[in-house]
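These are the residues of each chain, in order.
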Amino acid sequence: MKFTKKILTTLGLLGVTEANLGSINTEKHVAQQNAVSKRPPNFLFIMSDDQDLLLDSLSYTPLTMKHMRDKGTTFNNHFVTTALCCPSRVSLWTGRLAHNTNVTDVHPPWGGYPKFVEGGFDKNFLPVWLQQAGYDTYYTGKLMNAHSIENYASPHVSGFNGSDFLLDPYTYDYMNATYQRNHDAPVSYLGRHTTEVLTEKAMGFLEDALSGERPFFMAVSPIAPHSNMNGTYGAGSGPLWMDEPIPEDRHKHLFPEAKVPRKANFNPKEPTGVSWIHDLPFRNETEVDYNDHYYRQRLRALQGVDELVDSLVTRLEQSDKLDNTYIIYTSDNGFHIGQHRLPPGKTCGFEEDIRVPFFIRGPGIPEGAVEDSVSTHIDLAPTFYELAGIPLRDDFDGAPMRILRNNMGTLHEHVTVEYWGQAMLEGGLSNLGKPTVPNNTYKAVRILSEEYNLYYSVWCNNEHELYDLTNDPYQINNLYAKVQTDNSQETRIMGYSLSRVITRLDALLLVLKSCKGTSCIEPWSVLHPGGSVHNLRDALNEKYDSFYQAQSKVSFDRCEYAYIIDAEGPQEALAYRNGYSLDAWV
């Protein structure tokens, strides 16, 4: 599969000619690579919370764009595999899909810090591995949900030379944050904005990192633009209720005219989606106005994050470590506001929720470039390993991203998308008066190349979705509904019938829904171990029709709130051997 890399540059304005550009880039690249070869690189990893990509929030963060987009590479097609904070973060830090960590929720018994500890990951995740490889490691901000004032020492988080974590029940309380440094007792910052406090802590850790003799990995994770939550919920004395984020005072009047982008899927007149989403009511003017206000509050809350990025990068630029430091900016999941009539939130498989910002800059990385290859959060740990020169682990479900000019990376066209449990409805006015919706369990595959751009999902009530995003970028027209109708043959994808495409997508999802390690990276090799199929295009050959028709179909036996294997339906895919066989792969 081939991808087009678009290089965005303003070199002409800087007086750099085409004739001397190659010479300049070659000399710079050689110098950077020589520097990297002499000492391991440093990492500064910045992750916002619930930041949208498709609702245009990046247009309101000019400092981040200056430091990250203009000085590094933008990954256009970067996805999360679970659109919820804790499962997504655990997958990021372990390089493993949520069905392999079994951390599938934000709180016990199926998620949160206690579930993370129960799985043994507190002693077996990226910062621990990096320390073993000779790195000093630092972290400040939100680590994960249900990491609280009651359990922070049961046990203390391993893997960091210095840490200062936000703790529940005050993690999302913008003006009442509680931080816990190293093994010290928690400290309340009542009356101070959490991003202001975080910036001070991050700058302090950066000084520690810069003064050290060993390479460093430093992670900074602000809560903005996540919804505000009063601490009483985490203490168990109130309902889950997530209201608009709170900006710092100097930002609270910005962007008075900003509105949620009015794309075709914003509050559509006809219902879209399946299951509970299809039943959502059309939103009235008061609700739409509130969503616009909510959107503005998110943009305002992001200004502190934008300034945080500027402070960190500016300090690095003043040091002698910048040329050997990779800086990454991303978010733990995306966000929707009003699309498909949804109140503010995440937890869905739509593009708004699973596609996130991703920028990286550093030695050997092209400046002002755009990379179109598909990547995910489970690819981050393998990518850090490769950049640091550490041999990859066998239990990674992801693969190194296509980061450097001289590194092709591991190209794949698919993203595994999975979710269990309830959907969370945020925003006090527009969440229909209920904070959660049950039976939001689904498995999906997002597949993307120059030829096709598809999303296929199976819900726990066994409803299906298929969207062709080339022709339907806002996921309004569910093509699966046409399969049983007379006009299904009139709708084709790449010239093939819907039924033929669906059998291939379903078999691919059957592998991905329970894959481990290499099978998550190269799922087609599970279906075709002989190597005859590498992508969806190959699989659509008519000679494989009977093979794909014979496959078990993805389905659920019942809806559950967690990854419970006997509710998950068929687990084994047939393998195509010696022309055709019914050999099963487990």
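Conventions we followed
- Residues numbered from 1 in each chain as written.
- Predicted model: local features only at pLDDT ≥ 70, side-chain atom pairs only at ≥ 80, totals over all residues.
- Heavy atoms only, no water.
- Helix = DSSP H or I, 4+ residues; strand = E, 2+ residues; numbered from the N terminus.
- Buried < 20%, exposed > 50% of the residue type's maximum accessible area, 1.4 Å probe, protein only.
- Contact = heavy atoms within 4.5 Å.
- Phe/Tyr/Trp six-rings, centres within 6.5 Å; stacked < 30°, edge-to-face > 60°.
- Lys NZ or Arg CZ within 6 Å of the ring centre and 35° of its normal.
- Pairing = 2+ DSSP bridges.
- Axes fitted to C-alpha atoms, helices over the stretch in contact; angles between N-to-C directions.
- Core = buried A, V, L, I, M, F, W, Y, C linked by side-chain atoms within 4.5 Å.
- Salt bridge = Lys/Arg side-chain N within 4 Å of Asp/Glu carboxyl O.

Draft legend 1. Focus on the overall build of the protein chain. Helix and strand counts for the protein chain come out as 16 helices and 21 strands. For the protein chain, buried positions account for 61% of its 586 residues. Sequence-distant contacts, at least 24 apart, represent 70% of the contacts inside the protein chain between residues at least 6 apart.

Draft legend 2. The arrangement of the packing of aromatic side chains in detail. Counting across every chain of the model gives 33 aromatic pairs. Sitting above the plane of the W129 ring, R393 keeps its charged end 3.9 Å from the centroid.

Draft legend 3. Main features of the sheet that holds strand β15 (residues 442-448). Judged by pairing direction, the sheet is antiparallel, and its four strands sit side by side in the order β12-β15-β16-β17 without closing on themselves. Each edge of the sheet is formed by a strand with only one pairing partner; in this case those strands are β12 (414-419) and β17 (464-468). The sheet shows a mean angle of 10° between the axes of neighbouring strands, direction not considered. Taken together, the five bridges between strand β16 (residues 453-459) and β17 define a ladder with antiparallel strand orientation.

Draft legend 4. Quick peek at the nonpolar core. Formed by 113 residues in total, the largest nonpolar core has its most connected members in F45, W93, F217, M218 and W276. Ranked by residues supplied to this core, first place goes to helix α9 (residues 285-317) with eight residues. The residues touching W276, leaving out its near neighbours within four places in the chain, are L342, C348, A423, L425, V437, P438, N439, N440 and W459. With 40 residues, the next largest nonpolar core counts Y496, L508, L536 and F556 among its residues.

Draft legend 5. Just the pattern of salt bridges, in detail. Inspection of the entire model under this criterion finds 30 salt bridges. Note that D332 and K142 form a salt bridge whose closest N and O atoms lie 4.0 Å from each other. In this pair, D332 sits in the loop between β9 (325-331) and α10 (351-354) while K142 sits in the loop between β4 (136-141) and β5 (162-166), placing the two residues 190 residues apart along the sequence. In this structure, D332 and K142 share a single accessibility class: buried. Here D164 makes a salt bridge to K201, at a shortest N to O gap of 2.8 Å. Note that D164 is positioned in strand β5 and K201 in helix α7 (residues 194-211), a separation of 37 residues in sequence. Both residues of the pair, D164 and K201, count as buried. One connected set of salt bridges, linked through shared partners, spans D49, R89, K142 and D332.

Just geometry here; none of it tells us what the structure is for.
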